[in-house]
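# Structural overview
So you can see what is in the structure, the chains are spelled out below.
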Amino acid sequence: MLELPLLLAGLCAAASTDTAQPQPWDWPALKAGWRQRIIQVGKGQLPLVDDLSTFSGMSLGAARLKEKMDGAGVAWMAVSPWLGEEFEEASADADRSEALRKLMASGPDYFMPIPAADLDGAGALKRLLDAALRDGYPFLGEFRFRSYPPNRLWFAGPARAQSDEKIPIDGPLGQMLFSFSQEHGLPFLILYEVEDPLLPPLEKMLARYPGAKVVWRRLGQVCYKERSRDYGPRYVEGLLEKYPNLYFDFSWTDARDYYVGSREFTSVLWDRRSGNLDDGWRRLILRHPWRFMSGLGLSPDTWLYFDQAAAARRRLLGQLPPEVGEIVAYKAVWRFLFGEDL
């Protein structure tokens with residue numbers, strides 16, 4: 001799935017402009033709406049739930065997005081404002097909060113509001129964690145500890161393609177985040193590229209903070225095969241057995257996903273000869289279905305590919321027995337966030 005800049009309209013719908021106040025979310029009412037959306041979508045097709053996508057002022061307009069969600073059978077999406085500056089002028093925290101409120105005002109049953117995750121120093125992270133606790137958020141969002149430059153930056157030239165993110169997961173910021181999650185029970189997602197030297201620090205943190213609930217995004221995405229000799233279904237199953245606080249999602253798992261930096265197809269989940277889910281990965285999912293979630297994981301430059309992303313998740317779910325597909329599509333996310341079964 002190649003990435004291109006979006007040139008579509010920004011978010012719409014009016015909302016309060018008092019950005020100094022805590023977010024006025026009525027969580028019980030929102031939760032009831034999300035449940036109803038799952039029931040409604042489930043009358044026609046298997047409902048999908050997205051554990052997190054990020055948006056900016058150049059993402060799809062809210063009305064158009066809801067139309068796409070209805071057409072693709074996406075019941076609801078967790079959404080968070082984009083922190084980068086590639087698609088818009090640098091925005092203040094208050095502006096991002098306002099954008100999130102506008103999106104929520106357009107369709108609260110369709111969206112779960114999540115604050116923008118910020119690893120730009122201990123002060124920024126502490127403000128985020130304090131606000132999440134104060135405002136009752138169900139989880140903390142996505143934190144990019146190791147992230148390669150996306151394809152759009154490779155297309156922009158070598159200088160832009162050097163902007164990968166490297167934050168030690170076992171460093172001070174990681175310690176603060178994992179410790180907070182363990183103390184308060186708020187889960188979070190990590191973007192953490194697959195490289196052999198990065199695996200021991202992650203395991204150390206999972207063992208040190210067994211109460212921290214962590215979703216490792218993009219199961220099976222390996223952008224540089226020569227950097228990863230240990231990762232595979234056997235290794236991931238070992239992680240699941242050792243660390244009950246670890247989960248995975250399927251954002252960016254299509255067999256056609258390609259990374260410009262390495263000139264490689266990235267997903268190792270698929271047998272490229274048959275086009276089917278690899279047997280080893282499929283057996284792993286069947287043995288541990290509640291530890292996997294079907295995420296879309298869209299960002300401001302990939303909203304244009306909403307339909308393709310949803311179709312890719314359905315291709316994967318179609319490789320699983322119906323009862324397992326239901327768990328991965330929406331039931332596991334619900335249990336993970338709310339500690340109850342649908």
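As the structure is a prediction and not an experimental result, all values here were calculated from the model.

### A few points about the overall build of the chain
When its secondary structure is counted, the chain shows 11 helices and 11 strands. Looking at the 342 residues of the chain, the share that counts as buried comes to 56%. Relative to all contacts within the chain whose residues are 6 or more apart in sequence, the contacts with residues 24 or more apart total 80%.

### Some thoughts on the confidence of the model for the chain
On average, residues of the chain carry a pLDDT of 87, and 86% of them reach 70 or more. Every residue in residues 1–21 is under pLDDT 50, and counting partners more than four places away or in other chains gives 67 contacts.

### A short note on the pattern of salt bridges
Counting across every chain of the model gives 21 salt bridges. The shortest N-O distance in the salt bridge between D70 and R37 comes to 2.9 Å. Linking D70 in helix α2 (residues 62–72) with R37 in helix α1 (residues 27–42), this pair joins segments that are 33 residues apart in sequence. The class of R37 is buried, set by a relative accessible area of 3%. Shared partners join several salt bridges into a network, and the residues in it are D51, E142, R144, R217 and D249.

### Looking at the environment of V268
Relative to the helices and strands, V268 is located in the loop between β10 (264–265) and α9 (279–287). The partly exposed category is assigned to V268, whose relative accessible area is 26%. The spatial distance from the C-alpha of V268 to the C-alpha of D254 is 9.4 Å, given a sequence separation of 14 residues. What V268 contacts, discounting residues up to four positions off in sequence, is G220, V222, K225, D278 and W281.

### So, the packing of α2 against helix α10 (residues 306–317)
It is the contact of α2 with α10, at a shortest axis distance of 10 Å, that shows an interaxial angle of 25°. In terms of their interaxial angle, α2 and α10 are classed as roughly parallel. You can see that α2 and α10 cross each other, and the crossing is right-handed. Counted together, L65, K68, M69 and A72 of α2 and F306, D307, A310 and R314 of α10 form the full contact between these two elements. Each residue belonging to the contact of α2 with α10 can be placed in one class, and the counts come to 5 nonpolar, no polar and 3 charged.

### Structural notes on the environment of I169
Within the fold, I169 resides in the loop between β5 (165–166) and α6 (172–184). A residue is classified by how much of its surface remains accessible, and I169, at 2% relative accessible area, is buried. Taking the C-alpha atoms as reference points, I169 and E203, separated by 34 residues in sequence, lie 9.9 Å from one another.

### With respect to the pairing of strand β6 (residues 188–192)
Across the 5 residues that make up β6, a large majority, 5, are buried. Burial of the side chains of β6 extends over both faces: F188, I190 and Y192 are buried on one face and L189 and L191 on the other. Alignment of β6 against strand β7 (residues 214–216), held across 3 bridges, turns out to be parallel. The partner of I190 across the bridge, within β7, is W216.

### Structural notes on the nonpolar core
W76, F143, W216 and F306 are the most contacted members of the largest nonpolar core, which has 99 residues in total. Among the elements that line this core, the one with the most residues is helix α11 (residues 322–338), at 10 residues. Every residue in contact with F306, bar those within four places of it in the chain, is listed here: L65, K68, M69, A72, V74, M77, L296 and L298.

### Thoughts on the packing of aromatic side chains
All chains considered together, the criterion is met by 21 aromatic pairs. Aromatic pair Y231 and W281: ring centres 5.8 Å apart, planes at 40°, arrangement tilted. Linking Y231 in the loop between β7 and α8 (233–242) with W281 in helix α9, this pair joins segments that are 50 residues apart in sequence. Through pairs of rings, three or more aromatic residues link up here, namely Y192, W216, Y231, F248, F250, W281 and F292. The ring of Y110 has R37 sitting right over it, with the charged end atom 3.9 Å from the ring centre. Geometry around F265 places R272 over its ring, the cationic atom sitting 4.0 Å from the centre.

Reading the values: rules and limits
All chains use their own residue numbering, which begins from 1 and follows the written sequence. The model is predicted, so local features are restricted to residues of pLDDT at least 70 and side-chain atom pairs to those at 80 or more, both for listing and for counting; the totals for chains, interfaces and linings are taken over all residues. Processing note: side-chain calculations cover all non-hydrogen atoms of the structure and skip hydrogens and water entirely. A run of DSSP states H or I qualifies as a helix once it reaches four residues; a run of E qualifies as a strand once it reaches two. Both are numbered from the N-terminal end. Under the scheme applied here, a residue whose accessible area is under 20% of the maximum for its type counts as buried, over 50% as exposed, and between as partly exposed, the area being computed with a 1.4 Å probe on protein chains only. Any two residues whose heavy atoms approach within 4.5 Å at even a single point are treated as in contact. The predictor attaches a confidence to each residue, and that confidence, scored 0 to 100, is pLDDT. The rule for a salt bridge is simple: a side-chain nitrogen of Lys or Arg has to be within 4 Å of a carboxyl oxygen of Asp or Glu. Inter-axis angles, ranging from 0 to 180 degrees, are taken between N-to-C directions of lines fitted to C-alpha atoms, where helices are fitted over the stretch in contact. We call two directions roughly parallel when the angle between them is under 35 degrees, roughly antiparallel when it is over 145, roughly perpendicular when it lies between 65 and 115, and oblique otherwise. Throughout, a crossing is termed right-handed when the near helix is turned clockwise from the far one, and left-handed when it is turned anticlockwise from it by less than a right angle. Asp, Glu, Lys and Arg are counted as charged, while Ala, Val, Leu, Ile, Met, Phe, Trp, Tyr, Cys and Pro are counted as nonpolar; the rest, among them Gly, fall into the polar class. Think of it this way: DSSP has to see at least two bridges between two strands before they count as a pair. We define the nonpolar core as a collection of buried residues of types Ala, Val, Leu, Ile, Met, Phe, Trp, Tyr and Cys that are connected through side-chain atoms lying within 4.5 Å of one another. Aromatic contacts are taken between Phe, Tyr and Trp rings whose centres are within 6.5 Å, Trp giving its six-membered ring; a plane angle under 30 degrees counts as stacked, one over 60 as edge-to-face, and the others as tilted. The rule is short: NZ of Lys or CZ of Arg within 6 Å of the ring centre and within 35 degrees of the ring normal puts a charge over the ring.

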